[in-house]
4 protein chains.
Amino acid sequence: MVSVTVWNEYLEERTNDEVASVYPDGIHETLASGLRERGHDVRTATLDEPDHGLTEEVLDDTDVLVWWEHRAHEDVDDEIVERVCDRIYDGMGFVPLHSAHFSKVFKRLMGTPCSLTYRESRERERVWTVDPSHPITAGLEESFVIPETEMYGEPFSVPEPDQLVFVSWFEGGEVFRSGCCYQRGTGRIFYFRPGHETYPVYHEPVVLDVIDNAVRWAVPQTDRTVSNDNVAVDSLE
Amino acid sequence: MVSVTVWNEYLEERTNDEVASVYPDGIHETLASGLRERGHDVRTATLDEPDHGLTEEVLDDTDVLVWWEHRAHEDVDDEIVERVCDRIYDGMGFVPLHSAHFSKVFKRLMGTPCSLTYRESRERERVWTVDPSHPITAGLEESFVIPETEMYGEPFSVPEPDQLVFVSWFEGGEVFRSGCCYQRGTGRIFYFRPGHETYPVYHEPVVLDVIDNAVRWAVPQTDRTVSNDNVAVDSLE
Amino acid sequence: MVSVTVWNEYLEERTNDEVASVYPDGIHETLASGLRERGHDVRTATLDEPDHGLTEEVLDDTDVLVWWEHRAHEDVDDEIVERVCDRIYDGMGFVPLHSAHFSKVFKRLMGTPCSLTYRESRERERVWTVDPSHPITAGLEESFVIPETEMYGEPFSVPEPDQLVFVSWFEGGEVFRSGCCYQRGTGRIFYFRPGHETYPVYHEPVVLDVIDNAVRWAVPQTDRTVSNDNVAVDSLE
Amino acid sequence: MVSVTVWNEYLEERTNDEVASVYPDGIHETLASGLRERGHDVRTATLDEPDHGLTEEVLDDTDVLVWWEHRAHEDVDDEIVERVCDRIYDGMGFVPLHSAHFSKVFKRLMGTPCSLTYRESRERERVWTVDPSHPITAGLEESFVIPETEMYGEPFSVPEPDQLVFVSWFEGGEVFRSGCCYQRGTGRIFYFRPGHETYPVYHEPVVLDVIDNAVRWAVPQTDRTVSNDNVAVDSLE
C-alpha cells in the first residue's frame with residue numbers, strides 16, 4: 001500500500017463536453033479510484049487549489065506523485081515545480097502520464113525539450129513489454145491494446161531511459177518508447193504514455209494495472225536525502 | 001579541427017592574487033592556448049561581456065563550448081542559459097570543467113542538484129581510465145596524476161552517466177566519477193572534474209590532452225535539430 | 001575507408017532456388033558490392049573455407065566484420081568463434097545482421113539466449129530512428145520502409161543495448177529493437193535486424209547506407225588490447 | 001526471506017593452513033551463517049559434490065545463488081555452467097564474489113574476458129556508495145573500510161554495468177568498480193568485489209549486510225521464463 005497523490009490540471013473536464021463525458025469526475029478521480037481499488041491510499045490535488053494542492057504537508061505524506069497535465073503547462077507555478085522536484089530528489093516517486101511529458105516538472109527532470117510527434121486520429125495502439133522481468137510489467141500479457149488513442153511518435157527528445165519497459169505500435173505506422181524509467185537524485189520516475197482526455201484510456205483495467213505497478217516500483221527507496229549544496233568534509237585516510 | 005568557445009566567469013583571476021599568479025591571463029586563455037596548440041580554432045567569452053560573450057553569432061560559430069565557472073553561478077543570465085541549452089539540444093558540444101558541475105547550464109541539462117563533497121587540501125589525485133576504448137581516453141596512460149588539487153567526493157548527485165570514462169582516486173580516501181559523458185538532444189556533454197583556480201591544473205599537458213580529446217568527441221554529430229515543440233504529423237500507413 | 005570482411009554461411013543461396021534468385025552471387029557478394037560502392041575495402045569469407053575464411057591473417061587485416069548466418073549456427077567451429085571474439089575484445093568491430101542474432105559469436109558476446117518471436121509472412125516493416133544524433137543514423141529520414149520482410153518481435157532476450165538506435169514497426173502489430181549498439185572489451189558491436197534470405201533487403205540502398213554507417217562507427221577505437229589474464233601490478237602510491 | 005544457495009569450490013580451506021585459519025568451516029559456511037542470521041533460508045554446495053551440488057532439485061529451490069570461486073575455474077563442469085545460466089535467464093539471482101569475476105558462469109553472462117589488475121599486499125580498501133538510493137546500499141554509511149585485502153584495479157573488462165553501486169579506493173592508488181548490477185534474461189546479477197581467502201573479509205558484518213541486501217535485490221522478479229528458442233507467432237493486427 002502506497003500513499004499516492006494524483007495531480008490533475010482539471011480544466012478540460014469542466015470546459016469541454018467531450019472530455020466531461022469521458023471523465024465526469026475528472027481524470028484525477030478516475031485514476032484515484034482505480035488506485036484505491038488496487039489497495040493504495042490516494043488523495044488528489046488540482047491546479048486551482050492553493051499551492052496547486054501540493055503543500056509541504058501533502059508532499060510530506062506522498063510516497064508517489066502521479067501527474068496529469070495537458071494544456072496548462074505554463075500555469076504551474078515555478079515555486080511548486082521546484083518544491084516537487086526537491087521531493088523527487090529526496091526519494092518521492094513521480095509517474096507522469098501522456099501529455100505530462102511536456103510538463104515543467106518532467107522537462108526539468110529530463111533536462112531536454114521532451115518533444116515528440118503526434119496525431120489526433122482515434123487510432124489503435126498496442127503496447128509491448130520489452131523487459132519482461134521489470135516489476136512494472138508484472139501480471140501483464142506480452143502486449144495489450146488501447147483501442148482508440150492519440151498517436152505519439154519518435155523522435156522523443158528525452159535522455160535515453162535508464163530502463164526501457166514498453167514500446168508502443170500505432171496503426172498509422174509509428175512506434176514510441178512508451179514506458180521509460182529514470183532516476184533523479186534518489187527518486188524514481190516512470191513516464192507512461194497511454195492516455196488522452198477524449199478517450200476512456202484511464203478506465204481500462206490494464207492501464208490502471210500498469211499505473212498500480214508503477215506506483216509500487218516508484219516508492220521511496222531510502223531515507224537518505226540528496227544535498228542541494230556541496231558539503232565540505234575532512235580527510236578520511 | 002574544432003571551432004571552440006572557452007567560457008570563463010573570469011572574476012577571481014582579477015581579484016585574488018593567488019589565482020592571478022597561477023592564471024595571469026585568465027583560465028580561459030590558458031585553456032584556449034592549450035587547445036590552439038592542439039589544432040583547434042578557439043575564441044573566448046567571459047561573464048562581463050554583453051550576453052556573456054555568447055551572442056547568437058558566436059554560438060553559430062561554436063562546435064563545442066568549454067565552460068569554467070566557480071562562484072558566479074547566479075550571475076549567469078537565465079536567457080543566456082536558455083540560449084546555450086538550445087544550442088546543445090541542436091548538437092553543440094559542451095565540456096563543463098570542475099566547479100562548473102554547479103553551473104545553471106549543467107544543472108539544467110542534468111535535472112538534478114549536481115552536489116558533491118569537497119575538501120580544499122592541496123592533495124593528490126590520480127585519474128583512472130575505466131573505458132580504455134573511449135575516444136576521450138586516446139593516447140593516455142592507464143592513469144595520470146594531478147599532484148595538487150581540491151578533492152571532490154561521492155555521492156555526486158547526477159544522473160548515471162551514459163558512459164563513465166574516468167574515476168579519480170584522492171589521497172584523502174575518496175573516489176569520484178570524474179569523466180562522465182551524457183547526451184541531451186543531439187548535443188554531447190563531457191563533464192571533466194580536474195581543475196581548481198589556485199592550482200596549475202590547466203597547465204598540465206595531460207589535462208589539456210583530455211580536453212582536446214573531449215572537444216573532438218563532442219563535436220556536433222548531425223545537422224538535424226531537435227524540435228522545442230510537438231509536431232503534428234499525418235498517418236504513414 | 002574501412003577494411004571490411006563480410007562473412008556468410010553461404011548455404012541456401014546454393015541449395016534453394018528462391019534464395020538463389022534473390023542473391024545469385026551470395027548474400028556476402030551483395031553486401032560486399034554495396035560496401036565497395038560506398039568506399040570500403042571489402043573481402044568476403046564463407047563457412048566452407050578453411051578456418052571459415054577467418055584466418056589470423058584475414059582478421060589482422062579486418063577493421064570490421066559483417067556477419068550473415070541463418071541456419072548453420074552449430075556448424076561454426078568453436079575455435080573460430082573464440083578467435084573472432086578475441087579480436088572483438090581487442091577492438092575489431094562486429095555487425096551481425098538479421099538471423100545472426102542466433103549465431104554463436106553474438107550469443108557469446110551477449111551472454112543471453114538472444115531469442116525472439118518471428119513470422120514468415122512477407123509483411124511490411126518500417127524502421128524508425130529513435131536517436132537522431134547517432135552516427136549510424138547519418139543521412140537517413142526519420143523512418144524508412146522495407147516493403148517485404150520476415151517479422152521479428154519482442155521480447156528480444158538480449159542485454160539492454162548501450163544505445164538503442166532503431167525501433168521497427170511491423171504491419172502485423174509487432175515492434176522490435178532493430179538497431180542495437182553494444183561494446184565488448186574495446187570492440188563495438190551493432191546488431192541490425194533487417195534482412196532475410198528470400199527478400200531483396202540487401203539490395204535496398206537505404207539498408208546498405210545503414211550498414212555503411214555501422215561499419216564506419218564500428219572501426220577499432222584504440223590500439224590498446226584487453227588482457228585475457230589478470231595482471232599483477234605494483235603499488236603506485 | 002530468500003532461499004539462497006551458497007556455492008564454494010572449497011579447496012584452499014582444506015589444503016592451505018592460512019586459508020583454513022581464516023575460514024575453518026569453509027567460506028561457504030561463513031557466508032551461509034551470516035545470511036541465516038539475516039533471515040534467509042540457506043543451503044550450501046561445493047565443487048566436489050555430484051553435479052557440484054547444483055542438481056535440478058537444488059536449483060528449483062534456489063532464489064539466489066551466491067558464488068565463491070578462486071582457482072578452480074576450469075574444473076567447473078560446462079554442463080553445470082549451462083544449467084546455472086539457464087536458471088539465471090529464467091529469473092534466478094546470481095551474486096558472484098571477488099575472484100568469481102573469473103568464473104565460467106560470470107564470464108559467460110558478461111561475454112567479455114572480465115580481467116583486471118591485482119596486488120596481494122594486505123592493503124586497505126574503502127568501499128564508496130555512488131548510488132545511495134540503490135536497495136543494495138540500504139543501511140550503509142557513505143563508505144566502509146575493509147582493513148586488509150587484495151587490491152583489484154581497473155581496467156575491469158566487463159560490459160558497462162546497468163547500475164554502478166559501489167566504487168572502491170585502495171591505499172596503493174587504485175580504484176575499482178566494486179559493486180556492479182546486470183540483468184541477463186530475467187535474472188539479476190550483482191558482482192561484489194570485496195573478499196579474499198586469506199583475509200577475514202566475510203566475517204565483517206558490513207560485508208555480510210551488503211550480501212544480504214544483494215540477495216534480497218536479486219530475487220526472481222517474474223514467473224515468466226525466457227525462451228531458448230525463437231517462437232513462431234501469428235499476426236495480431
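Residues numbered from 1 in each chain as written. Chains lettered and ligands numbered in written order. Predicted model: local features only at pLDDT ≥ 70, side-chain atom pairs only at ≥ 80, totals over all residues. Heavy atoms only, no water.

Within an unreviewed UniProt entry, the label attached to chain A reads Trehalose utilization protein, and the organism entered is Halohasta litchfieldiae.

**Describing the UniProt feature "domain: ThuA-like" (unreviewed entry) in chain A**
With numbering aligned to this structure, UniProt lists the feature "domain: ThuA-like" (unreviewed entry) at residues 29-218 of chain A. This span, residues 29-218 of chain A, is 24% helix and 34% strand, and a straight line between its end C-alpha atoms measures 20 Å. (UniProt positions renumbered as here; feature names shortened; annotations may be inferred. Helix = DSSP H or I, 4+ residues; strand = E, 2+ residues; numbered from the N terminus.)

**Regarding helix 5 (residues 78-89) of chain C**
Quick reminder: α-helices carry 3.6 residues per turn. Residues three or four places apart thus point the same way. Residue and element names in this part refer to chain C. With 12 residues, helix 5 should cover 16 Å at 1.5 Å per step; its first-to-last C-alpha distance of 16 Å lies within 8% of that length. Among the residues making up helix 5, those that are buried are I80, V81, R83, V84, C85, R87, I88 and Y89. Considering only its buried residues, helix 5 is in contact with helix 4 (56-60), strand 3 (64-68), strand 4 (93-97), helix 6 (104-110), strand 8 (175-184) and strand 9 (187-192). After helix 5 finishes, the residue G91 shows a positive phi value of roughly 120 degrees. (Expected span 1.5 Å × (residues − 1). Buried < 20%, exposed > 50% of the residue type's maximum accessible area, 1.4 Å probe, protein only. Contact = heavy atoms within 4.5 Å.)

**With respect to the relation of the copies chain B and chain A**
Rotating chain B by 180 degrees and moving it 0.0 Å along the rotation axis overlays it on chain A with an RMSD of 0.0 Å. Seen this way, the second copy is the image of the first under a two-fold rotation axis. By C-alpha distance to the rotation axis, the residue of chain B lying nearest is G111(B), at 2.6 Å. Most of the interface of chain B is mirrored in chain A, where 100% of its interface residues are also at the interface. (Least-squares fit on C-alpha atoms with pLDDT ≥ 70 in both.)

**Focus: the interface of chain C and chain B**
Each partner contributes residues to the interface: chain C has 21 residues there, and chain B has 21 residues. Here chain C packs against chain B, burying approximately 1700 Å² in sum over the two surfaces, 44% of which is carbon and sulfur. Contact with chain B buries surface across chain C, with S133(C), R224(C) and E237(C) losing the most and accounting together for 37% of the total. Residue R126(B) pairs with E237(C) through a salt bridge whose shortest N-O separation is 2.9 Å. Across the contact surface, chain C and chain B share 14 residue pairs in polar contact (both at pLDDT 80 or more). Residue assignment for the side of chain C that touches chain B shows that the elements contributing at least two residues are strand 5 (117-129) and strand 7 (163-170) of chain C. Take the side of chain C that touches chain B: its biggest share by element is 3 residues, from strand 5 of chain C. Among the residues making up the side of chain C that touches chain B, the classes are represented as 6 nonpolar, 8 polar and 7 charged. (Buried area = accessible area lost by both parts, 1.4 Å probe. Salt bridge = Lys/Arg side-chain N within 4 Å of Asp/Glu carboxyl O. Polar contact = N/O pair within 3.5 Å; in protein donor to acceptor, adjacent residues only side chain to side chain. Nonpolar A, V, L, I, M, F, W, Y, C, P; charged D, E, K, R; others polar.)

**Details of the interface of chain B and chain A**
Residue-level contacts link 36 residues of chain B with 36 residues of chain A. Linking chain B with chain A are 0 salt bridges, by the criterion used here. Taken together, the links from chain B to chain A amount to 20 residue pairs in polar contact (both at pLDDT 80 or more). Contributing elements (two or more residues each) for the side of chain B that touches chain A: helix 6 (104-110), strand 5 (117-129) and strand 10 (231-232) of chain B. Counted by class, the side of chain B that touches chain A contains 15 nonpolar, 13 polar and 8 charged residues. Sheet topology note: the strand 10 (residues 231-232) of chain A/strand 5 of chain B ladder contains 2 bridges and is parallel. Bridge assignment links V231(A) to a residue of strand 5 of chain B, and that residue is T117(B). (Pairing = 2+ DSSP bridges.)

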